[in-house]
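Examination of the molecular architecture
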Amino acid sequence: DAGVIQSPRHEVTEMGQEVTLRCKPISGHDYLFWYRQTMMRGLELLIYFNNNVPIDDSGMPEDRFSAKMPNASFSTLKIQPSEPRDSAVYFCASSAGTGWGTQYFGPGTRLLVL
Amino acid sequence: DAKTTQPTSMDCAEGRAANLPCNHSTISGNEYVYWYRQIHSQGPQYIIHGLKNNETNEMASLIITEDRKSSTLILPHATLRDTAVYYCIVRVENSGGYQKVTFGTGTKLQVIP
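Residues numbered from 1 in each chain as written. Chains lettered and ligands numbered in written order. Predicted model: local features only at pLDDT ≥ 70, side-chain atom pairs only at ≥ 80, totals over all residues. Heavy atoms only, no water.

Disulfide: a covalent bond connecting the sulfur atoms of a pair of cysteines. Within the structure shown, the criterion is met by two disulfides over all chains. Here C23(A) pairs with C92(A) through a disulfide, and the sulfurs are 1.9 Å apart. Sign of the S-S torsion, about -65° for the bond between C23(A) and C92(A), identifies this disulfide as left-handed. Here C92(A) lies in strand β9 (residues 88–95) and C23(A) lies in strand β3 (residues 19–24), a separation of 69 residues in the sequence. In this model C22(B) forms its disulfide with C88(B); the gap between the sulfur atoms is 2.1 Å. Judged by the torsion about the S-S bond (-80°), the C22(B)/C88(B) disulfide is left-handed. Taken as a pair, C22(B) in strand β2 (residues 18–23) and C88(B) in strand β8 (residues 84–92) lie far apart in primary sequence, 66 residues in all. Just so you know, C12(B) is unpaired, no disulfide at all, and the nearest cysteine sulfur is the one on C22(B), 18 Å from it. Under the relative-accessibility criterion, C12(B) is labelled buried at 8%. (Disulfide = S-S within 2.5 Å. Helix = DSSP H or I, 4+ residues; strand = E, 2+ residues; numbered from the N terminus. Buried < 20%, exposed > 50% of the residue type's maximum accessible area, 1.4 Å probe, protein only.)

Given below as structure tokens:
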């Protein structure tokens with residue numbers, strides 16, 4: 001298996017622009033997680049899905065952030081409009097059936113908002 | 001979720017065992033102890049988890065004290081590739097509902113040649 005795939009790997013954008021991050025989970029995994037990592041706050045869970053349904057988005061920082069999972073093999077995290085404080089590494093992870101426990105992380109998307 | 005406490009950093013000589021401690025004194029009876037690590041510029045990697053018995057896999061061993069208030073991750077023969085930040089997390093397995101989790105700052109393990 002190719003593992004969790006994320007794109008793009010790097011994104012540089014200007015404040016106010018829309019940013020879309022993409023994730024393809026491991027085939028057969030029914031949980032998908034989006035995390036954000038910064039030096040100040042560490043690794044934080046933003047939202048997670050089970051069987052394509054968002055279970056809890058309480059970790060999403062504000063309304064500018066939204067996430068979707070239209071099917072079992074694809075998810076997006078969108079920031080609109082982006083702000084410099086959104087600069088971070090965004091990770092997608094997936095797991096199979098065991099819920100939170102054994103998660104497989106993607107390589108991350110490094111976002112820089114100027 | 002129970003809060004965990006880990007040392008900020010540790011050094012270990014290459015080839016020696018690396019013992020990474022974690023305190024989780026408020027852990028509940030149904031909470032598992034998980035260990036992940038993050039090598040620089042990569043996504044976190046699952047290592048091992050356990051409830052109350054000691055566990056071993058091809059990567060590491062997990063020793064949980066009898067009162068479950070602390071645990072130790074053991075890398076039996078550390079290599080330079082084990083240099084990473086190690087996170088100890090406690091979580092209920094298969095719990096429904098809200099599952100916000102913060103990995104915390106972890107322990108930065110430096111393996112020295």
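From this point on, the discussion continues.
All names here are of chain A. Overall, the coordinates contain nine salt bridges over all chains when judged by the stated rule. In this structure, the salt-bridge partner of E62 is R85, at a minimum N-O distance of 3.2 Å. Placement of the pair is E62 in the loop between β6 (53–56) and β7 (65–71) and R85 in the loop between β8 (74–79) and β9, with a sequence separation of 23 residues. Under the relative-accessibility criterion, R85 is labelled exposed at 55%. The network of salt bridges with common partners includes E62, R64, E83, R85 and D86. (Salt bridge = Lys/Arg side-chain N within 4 Å of Asp/Glu carboxyl O.)

Quick look at the side chain of R68(B) now. All names here are of chain B. The topology assignment puts R68 in the loop between β6 (61–64) and β7 (70–75). For the buried R68, which has no salt bridge, the nearest side chain bearing the opposite charge is E31, at an N-O separation of 6.0 Å. In this structure R68 touches H24, I27, S28, G29, N30, E31, L51 and K52, once residues within four positions along its chain are discounted. (Lys, Arg positive; Asp, Glu negative; His and termini not counted. Contact = heavy atoms within 4.5 Å.)

Taken as a whole, the largest pocket spans an internal volume of roughly 620 Å³. As for the largest pocket, its lining consists of 25 residues, and the residues nearest its centre are Q37(A), M39(A), Q38(B), V85(B) and Y87(B). Of all the elements in the fold, those that place two or more residues in the lining of the largest pocket are β4 (31–38), β5 (42–50) and β9 of chain A together with β8 of chain B. Examining the composition of the lining of the largest pocket, we find that three residues originate from one element, β8(B), more than from any other. (1 Å grid on protein atoms, 1.4 Å probe; cavity = no way out; pocket = protein on both sides within 12 Å on 5 of 7 lines; lining within 4 Å. Points joined across faces, edges and corners; volume = space filled by probe spheres on them.)

Scanning the model with the defined rule gives nine aromatic pairs over all chains in all. Relative to Y36(B), the ring of F105(A) has its centre 6.1 Å away and its plane inclined at 80°; by these criteria the two rings are edge-to-face. In this pair, F105(A) is assigned in strand β10 (residues 104–105) and Y36(B) in strand β3 (residues 31–38), connecting two distinct chains. Taken as a pair, F105(A) and Y36(B) share a single burial class, namely buried. (Phe/Tyr/Trp six-rings, centres within 6.5 Å; stacked < 30°, edge-to-face > 60°.)

Before going further, it helps to spend a moment on the side chain of H29(A). All names here are of chain A. Looking at where H29 falls in the secondary structure, it is placed in the loop between β3 and β4. Using a relative accessible area of 13% as the deciding quantity, one classes H29 as buried. Side chain to side chain, H29 and S94 meet in a polar contact 2.7 Å long. The residues touching H29, leaving out its near neighbours within four places in the chain, are S94, S95, A96 and Y104. (Polar contact = N/O pair within 3.5 Å; in protein donor to acceptor, adjacent residues only side chain to side chain.)

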